[in-house]
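Structural features, examined
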Protein chains: 2
Amino acid sequence: MSNKSKLTLAKLAQLAGVSTSTASRALNNNPLIKKATRERLQQLAQENNFSLNRAASRLRTQKTHVIAVILNFINDTDQSISDPFLLKVVSDVNQELNKHGYELLLSNSLMASDDWGNYFINSSRADGLIIIGQGKNDEKINTAAKSGAPLVVWGDPMVTSSYPIIGSDNNYGGYLATEHLIKGGCKHILFLGDPEHAEMGQRHKGYTHALNENDLDIEHQLTVSIDITSKAAYEKINQLILEQGLFFDGIVAASDMVALGALKALKERYINIPNDVAIVGFDDIAMAELFHPALTTIRQDTALAAKLMVEQLIKQFNQQAVKSQTIDIKLINRNSSRTI
Amino acid sequence: MSNKSKLTLAKLAQLAGVSTSTASRALNNNPLIKKATRERLQQLAQENNFSLNRAASRLRTQKTHVIAVILNFINDTDQSISDPFLLKVVSDVNQELNKHGYELLLSNSLMASDDWGNYFINSSRADGLIIIGQGKNDEKINTAAKSGAPLVVWGDPMVTSSYPIIGSDNNYGGYLATEHLIKGGCKHILFLGDPEHAEMGQRHKGYTHALNENDLDIEHQLTVSIDITSKAAYEKINQLILEQGLFFDGIVAASDMVALGALKALKERYINIPNDVAIVGFDDIAMAELFHPALTTIRQDTALAAKLMVEQLIKQFNQQAVKSQTIDIKLINRNSSRTI
DNA sequence: TTGAAAGCGTTACCAA
DNA sequence: TTGGTAACGCTTTCAA
C-alpha cells in the first residue's frame, strides 16, 4: 500500500491533470466529457484503487441509492424470521434492486426505531422502504407513509391503502386449494392458519367461497386459528386428533411451513397422506417437493413480486402514480393431495 | 406536514436557542452537555421528527456504522442462495450487528464489483465486511484483506489466513457423524458432498478418520462428490442405486439440504430409513426435525458464530489483535439414524 | 469541453 | 458547559 493519505477525487484529478469537476463527471460517465477523457480517468481510478466516497456524494446529491428492506414480524412467535418463503422474497428483491443500481439495507421490525420514515428516510440512510409483511397491524406502515416516505409493501393488495401493496391473489389461492381438495373427494376440510392476518384472511375467504360453491356444509368444516409456524401446526393437529379423533380428510394450510408441521403430526400417527388426509400448502418453498409425499401447494411468484415492488418504488422517486398490484398464483399438484 | 424546508441540525439548534455544536453533542448524548440540555434537545428532535443526516455525519466522522454482509457463492449451481442455513447465519448476524449499533448491507458475490475492499470500504459504503462462505476460491477475500479492509469470514477456521475465520469444528463434526453411524452398525458409509470445498473437506477428513479408527475398510466406503444441493444429492443417489444397487447402509451428508435430497430418493424407492440406510446431516436447519423420519444431524451454533464474527470485526476497528475461532458442534440424535 | 467555487449537514477542535 | 468555525469529499451551477 502507498504511504499517501487516502485518495480523493481532487487528488485523482490532480494526478490526471484535470479539474475536480471534470474528474467527477468523468467517473460518473457524464457524456458532457469527451469520451477519451472519461476513459482515461476511469482507468486511472481503477489503477489507483479509487472509489468515489458515497458519504460525500450522498450528502451532496441527497440520494443514497439504498433501499431499506424491513422484515415486518410482530414477534418471534409469529411467522418466524426463518420462514424460507420470506427469505426468498428478500433474496429476489436484492437481485432486482441490484439490477436498478440500488443496494439493500436489511432490517427487521425488532429494530430500535418505531418511526421508519424518520429513521430511514429523514436520516438519509435510505431513499425508500420495502416492507415485507403487513402483519396484523399496519400502524407503523401508515405512520411511515404519512410522513411521506416512499414505500411499497408485500402483503394483501386488496387492502385499501395510501401506498402500493404488491401481493398474490390470496383469495383465489385459497379457493384453488380448497376446490382441489373437494375435487379429490374431501368432505371435511380444515383451514389451518390465522384469518386475522390480512393475507391469510383472504386465503380463508377463498376457502369459504369454494366450500359454499360446492354445497359443502360449512358447519362441518373447521377453521383452526394458529400462529403461522410449523410448530403451532404440529401441536394443533396433535391436540385436535387427541380430543376429537380424525374428523377431517383435508387440510388447506395458510403456508407451506404450516402444512409441513401438520404433515409431520399426521405421519407420526400413521395417517395416510393423501388417502386419509390430503393437504395443500401455500408458497411453494424450495423444500416443498423434498418432503414425502411431496407437497401440493399454491405457488407465489416471488421474482415477479420483487420486480413489481422495485418498479413501484422507483416510480415514487419519479413522482409517477403508483398502484397496488395482484400477482397470479398457480396450483402445483404433487402427492400430498389426491389426483383428480 | 410543515411547509418549512427540511429540518437540519442548525435549525433545530436555533429552535432550541443553542449552538449547533451543543445540539450535535446533545443528540449524540455527549456527557459534556448538561443532562437537562441533552434531554430537552432529544425531546425537541422527537417532536419535530428530526433525525441526524447520516450522509453528513458519515462524511464528517469517516465511519458509516454499516457492515456489508456478502453471500459468497460461486454461482447458482453451487450452494444455493436459498439454503436455509446460510440465511439463518445472515439473520443471526443481523441481530448481533444491531446489538452493537451497526446496520447490515446485504450483498452477494454476483454483484457488480470484483474488488470488495475498494467497492465497500474505500467508498465509505461500509466499515467492514462479513463474508459468508469461502467457497472453493478465496482470491476475492485475499484481495480485500490485502487492501486493508476490515473483514471476517464464515468458513473453515483451520485454513491459514491473514484474516480471522470463524467456523465450526467441521473435522470433528464429520467424525462424530460417521462414528455415530458406525456405532449404529453401518458398514458401508457414503460421504455425500464436495471435499474440494474447504468446510466440506474438513468434514470429509473427519469421516475418513472415523472409518480408519474403526478399522473399516476404506476402499469399501465411498466418497461421492456432488454440488451441495438437495437436487444434486437426489439425482446422485438415484443414479448410484440404478447403476450399482443398494451397496451402502449409511450416509454422511455434507449438509442438511444434501441429506434431505438423499432421503427423498431413498424413500421413493421404499428403502427403510434408518434400518436399510441411516443418514446424518449437517447444520441442523429448522426443517430438519419436520422431516419423516426426523433428521439426525450435526448442529452448528449460528448465534455464537454471529457473536464471534461481529466481535472479531469490531476488534479490528479498535486495532486489537484478531484470530480465527472454532465453534463446538454437537450431534442431534433423531430418527434418521439408528439409536445406539 | 472544461474549470472555479459554493454548498450539502454534520462533527470536533479550539476558545471562552 | 457551551459556541464559532473549519473541514469531511463530493456534485453542480455558472462562467469561460
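This report concerns the structure included in the present document. What you are looking at is a predicted structure, and each value in this text was computed from that prediction instead of being measured.

**Some points on the protein's contact with DNA strand C**
Around DNA strand C lies a shell of 26 residues, among which Thr22(A), Leu9(B), Ser24(B), Arg25(B) and Arg60(B) are the nearest. The contact atoms of DNA strand C, taken as those within 4 Å of the protein, divide so that sugar and phosphate hold 59%. Contact distances for DNA strand C include 2.5 Å between a phosphate oxygen and a side-chain N or O atom of Ser24(B). Interatomic distance of 3.4 Å between a backbone N/O atom of Ala56(B) and a base nitrogen of DNA strand C. Listed by contribution, the elements that provide at least two residues to the surface near DNA strand C are helix 2 (20-27) and helix 4 (54-61) of chain A together with helix 2 (20-27) and helix 4 (54-61) of chain B. Here the surface near DNA strand C is built from residues that sort into 8 nonpolar, 13 polar and 5 charged.

**Some words on the protein's contact with DNA strand D**
With respect to spatial proximity, 25 residues lie near DNA strand D, and among them Leu9(A), Ser24(A), Arg60(A), Ser19(B) and Thr22(B) are the closest. When atoms of DNA strand D within 4 Å of the protein are split into backbone and base, the sugar-phosphate part holds 62%. The separation between a base oxygen of DNA strand D and a polar side-chain atom of Arg25(A) is 3.4 Å. Contact distances for DNA strand D include 3.1 Å between a phosphate oxygen and a backbone N or O atom of Lys34(B). Examining the composition of the surface near DNA strand D, we find that 4 residues originate from one element, helix 4 of chain A, more than from any other.

**A short note on the interface of chain A and chain B**
Counting from both sides, the interface comprises 52 residues of chain A and, opposite them, 53 residues of chain B. Summed over both sides, the interface between chain A and chain B buries roughly 4,700 Å², with carbon and sulfur atoms accounting for 55% of that surface. When the area that chain A buries against chain B is broken down by residue, the three leading residues are Glu103(A), Leu106(A) and Leu290(A), summing to 13%. Our enumeration of links across chain A and chain B arrives at 2 salt bridges. The partner of Glu103(A) in a salt bridge is Arg125(B), with the nearest N and O atoms 3.0 Å apart. Scanning the region where chain A abuts chain B turns up 13 residue pairs in polar contact (both at pLDDT 80 or more). Listed by contribution, the elements that provide at least two residues to the side of chain A that touches chain B are helix 4, helix 5 (84-99), strand 2 (103-108), helix 6 (116-122) and helix 11 (256-268) of chain A. Here the side of chain A that touches chain B gets 7 residues from one element, more than from any other, and that element is helix 5 of chain A.

**Details of the relation of the copies chain A and chain B**
Note on the copies: chain A fits chain B at an RMSD of 0.1 Å, the axial shift is 0.0 Å, and the rotation between them is 180 degrees. Taken together, the rotation and translation relating the two chain copies correspond to the operation of a two-fold axis. Taken together, the interface assignments show that 100% of the residues at the interface of chain A recur at the interface of chain B, consistent with an identical surface on both copies.

**Looking at unusual backbone geometry**
Of note, the bond from Ile273(B) into Pro274(B) is cis; its omega dihedral lies within 30 degrees of zero at 10 degrees. Mapped onto the elements of the fold, Pro274(B) is located in the loop between helix 11 (256-268) and strand 9 (278-283). Of note in the backbone geometry, His65(A) takes a positive phi value of approximately 55 degrees without being a glycine. Mapping His65(A) onto the fold places it in the loop between helix 4 and strand 1 (66-71). Judged by its relative accessible area of 37%, His65(A) is partly exposed. With a phi angle near 60 degrees, Gln319(A) is a residue other than glycine that sits in the positive phi range. As for its placement among the helices and strands, Gln319(A) is situated in the loop between helix 12 (302-317) and strand 11 (325-327).

**Overview of the pattern of salt bridges**
Pairing is possible between side chains of opposite charge, provided their charged atoms come close. Under the counting rule described, the total for this entry stands at 24 salt bridges over all chains. With its nearest N and O atoms 3.3 Å apart, the salt bridge here joins Glu268(B) to Lys264(B). With Glu268(B) and Lys264(B) both in helix 11, this residue pair falls 4 residues apart, about one helical turn. For Glu268(B), a relative accessible area of 34% puts it in the partly exposed group. Salt bridges linked by common partners bring Asp284(A), Arg299(A) and Arg334(A) together as one network.

**Topic: the environment of Ala55(B)**
Relative to the elements of secondary structure, Ala55(B) occurs in helix 4. Separated by 158 residues in sequence, Ala55(B) and Glu213(B) place their C-alpha atoms 59 Å apart. Apart from residues no more than four positions distant in its own chain, Ala55(B) is found in contact with Ala55(A), Arg58(A), Leu59(A), Ser123(A) and Ser124(A).

**Focus on the pairing of strand 2 of chain A**
When you tally the buried positions in strand 2 of chain A, you get 6 out of 6 residues, the bulk of the element. Both faces of strand 2 of chain A are covered, namely the face carrying Glu103(A), Leu105(A) and Ser107(A) and the face carrying Leu104(A), Leu106(A) and Asn108(A). Bridge count between strand 1 of chain A and strand 2 of chain A: 6 bridges; the pairing is parallel. What sits directly across from Val69(A), in strand 2 of chain A, is Leu106(A). Note: strand 2 of chain A against strand 2 (residues 103-108) of chain B, 3 bridges, orientation antiparallel. The residue bridging Leu104(A) from the neighbouring strand is Leu106(B), located in strand 2 of chain B.

Conventions and cut-offs
Residues numbered from 1 in each chain as written. Chains lettered and ligands numbered in written order. Predicted model: local features only at pLDDT ≥ 70, side-chain atom pairs only at ≥ 80, totals over all residues. Heavy atoms only, no water. Near = heavy atom within 4 Å. Polar contact = N/O pair within 3.5 Å; in protein donor to acceptor, adjacent residues only side chain to side chain. Helix = DSSP H or I, 4+ residues; strand = E, 2+ residues; numbered from the N terminus. Nonpolar A, V, L, I, M, F, W, Y, C, P; charged D, E, K, R; others polar. Contact = heavy atoms within 4.5 Å. Buried area = accessible area lost by both parts, 1.4 Å probe. Salt bridge = Lys/Arg side-chain N within 4 Å of Asp/Glu carboxyl O. Least-squares fit on C-alpha atoms with pLDDT ≥ 70 in both. Buried < 20%, exposed > 50% of the residue type's maximum accessible area, 1.4 Å probe, protein only. Pairing = 2+ DSSP bridges.

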